[in-house]
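Here are the chains, one letter per residue:
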Amino acid sequence: MFSDIYPVVLCGGSGSRLWPLSRSGMPKQFLPVAGDKSLLVQALERVAPRYGFHEPIMIANNEHRFLLSKQAEDAGLNLAKILLEPVGRNTAPAVIIAALEAIRLDADAKILVLAADHLIGDVPAFHEAVERASRAADEGALTCFGIMPTAAETGYGYIKPGEMLTGAGGVHHIASFKEKPDAATAQAYFASRQYLWNSGMFLFRAERFLAEAEQHVPEMVAACRKAYEGISEDLQFHRLPEEAFSKVPADSIDYAVMEKTSHAAVVPCSIGWSDLGSFSALFEAGEKDARDNVTHGDVTLLNSNDCYVYADKKLIAATDISNLVIVATDDAVMIAPKDKDQNVKKIVDALKDGGRDEAKLHTTVYRPWGFYTSLAINTRFQAKELCVYPGKRLSLQSHNRRAEHWVVIEGEATVTRNDDILTLNPNESVYLPIGTRHRLENKGEKLLRLVEVQTGDYFGEDDIVRYEDDFKRV
């Protein structure tokens with residue numbers, strides 16, 4: 001049914017409106033904020049080859065490449081290609097690059113453009129909408145998915161459908177696009193029942209989209225073609241060249257193409273969609289208790305209503321509160337009125353201005369070899385728990401300003417210490433003085449866990465001198 005459709009999943013974004021759950025080093029698409037699986041895995045699963053789709057083309061940034069590939073691998077999902085953007089250029093260049101790739105694979109390819117961080121609760125209804133959009137694409141339409149509004153939202157753009165498209169039932173020409181409205185305008189749109197939310201999802205023939213882009217943004221297409229021709233392989237990834245891609249004009253697909261073309265169409269649909277762009281959106285998507293609270297984790301609420309409360313690892317107890325968002329992770333607590341949750345981004349901006357690591361990183365940080373959790377830090381020491389995936393190893397490295405002491409907790413560690421190779425089992429340890437060339441490797445079939453205690457006068461990640469690295473980091 002979808003045999004000519006190549007899903008294109010856009011995996012950028014920092015998710016700053018969901019801080020402290022989502023951070024630039026681990027944004028919301030990689031988190032299970034709506035269900036047991038990450039939003040990325042959910043997005044990939046609903047366009048999996050078992051439904052007839054081709055394997056997806058991914059557009060991501062360099063920082064998240066290993067997170068993306070690891071989550072897809074763990075979920076048993078194959079990817080056609082992972083294209084890495086060296087800098088962000090908004091959605092239009094990303095879709096142009098994806099269209100060029102799809103045409104390379106199949107001259108008649110259709111591309112289904114999706115975001116990795118959206119929620120779609122009704123997958124069968126989504127597939128039915130894709131089928132309608134695919135028929136419209138056969139008629140030459142550039143089709144977007146318009147969501148039937150459930151409230152007078154000010155955070156979404158709106159679409160006004162026009163006449164029905166000939167040859168594709170259930171698809172309309174687009175009469176007009178509307179910017180994100182103020183509250184009064186949003187209420188008027190909602191009351192009229194004549195408008196749809198713009199979901200930011202699209203389906204069209206790749207060749208037709210490129211032709212329209214050539215007409216409306218020829219400079220962008222020319223710059224994208226030059227960048228595409230310079231793609232280089234890096235492990236399982238494909239890198240766009242930084243110099244060429246940096247010269248591509250930045251713009252959204254809506255502004256660059258969809259609002260200019262005379263072939264824009266919309267599929268009205270009710271698919272349980274949300275962009276999960278705020279805690280109030282998570283509240284709307286969540287299961288509510290008898291007093292309309294949505295809670296996650298170890299939460300006790302008394303005489304409270306209309307709240308969203310998320311406890312990561314510690315108990316949150318509250319009484320006599322209403323209309324609040326409370327989110328607690330192991331290193332931060334965020335509290336805001338639910339109707340002011342769009343201002344969470346301002347908190348992140350303030351933290352960045354103050355040079356706070358909490359704006360970017362959780363205490364658990366993922367690396368291609370595994371992950372580490374910061375346990376304690378002082379001016380003279382830092383303690384971490386390191387977890388190394390089976391068959392993986394860290395780079396051969398040394399440090400100029402810190403020594404390290406490793407104690408194995410679980411698994412078997414193979415340790416390179418200058419010219420020596422050591423094997424450590426649980427409760428065994430090794431000391432690595434400043435300047436020692438060293439490497440940690442897990443040759444076993446189970447996760448390797450150890451505690452690392454660093455001592456010295458500086459513990460930044462830039463105090464790493466790498467000599468060899470399986471992941472081509474410098």
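Just so you know, these numbers come straight off a predicted model, no measurement behind them.

Trainee: With reference to specific residues and values, describe the sheet that holds strand E14 (residues 294–296).
Mentor: Note on sheets: strands pair through backbone hydrogen bonds, and any given pair is parallel or antiparallel. Taken together, the four strands give an open sheet; going across it, the order is E14-E16-E18-E19, and neighbouring strands pair in mixed fashion. Looking at strand neighbours, the two that pair on one side only are E14 and strand E19 (333–337), the edges of this open sheet. Here the strands of the sheet are splayed against their neighbours by 5° on average, with no regard to which way each runs. Of the strand pairs in this sheet, strand E16 (residues 308–311) and strand E18 (residues 324–328) are connected by four bridges, and their pairing is parallel. Bridging from a neighbouring strand, Tyr310 pairs with Val327 of E18.

Trainee: Outline helix H2 (residues 65–74), supporting the account with residue identities and numerical values.
Mentor: Extensive coverage of H2 is indicated by the burial of seven of its 10 residues. Those residues of H2 that sit buried are Arg65, Phe66, Leu67, Leu68, Ser69, Gln71 and Ala72. Contacts made by the buried residues of H2 are with helix H1 (39–45), strand E2 (57–61), strand E3 (81–85), strand E11 (237–239) and strand E20 (364–367). Phi turns positive one or two residues past the end of H2, at Gly76, with a value near 70°.

Trainee: Before we move on, can you summarise unusual backbone geometry with the specific residues and values?
Mentor: In this chain, Trp19 is followed by Pro20 through a cis amide linkage whose omega measures 10°. Relative to the helices and strands, Pro20 resides in the loop between strand E1 (5–10) and H1. Look at Asn427: it is not a glycine, yet its phi comes out positive at around 80°. Position of Asn427 among the secondary structure elements: in the loop between strand E26 (420–424) and strand E27 (429–432). When its relative accessible area of 74% is taken as the criterion, Asn427 is described as exposed. Phi is positive for Lys472, which is not a glycine, with a value near 60°. Considering the arrangement of structural elements, one finds Lys472 in the segment after strand E30 (465–468).

What counts as what
Residues numbered from 1 in each chain as written. Predicted model: local features only at pLDDT ≥ 70, side-chain atom pairs only at ≥ 80, totals over all residues. Heavy atoms only, no water. Pairing = 2+ DSSP bridges. Helix = DSSP H or I, 4+ residues; strand = E, 2+ residues; numbered from the N terminus. Axes fitted to C-alpha atoms, helices over the stretch in contact; angles between N-to-C directions. Buried < 20%, exposed > 50% of the residue type's maximum accessible area, 1.4 Å probe, protein only. Contact = heavy atoms within 4.5 Å.

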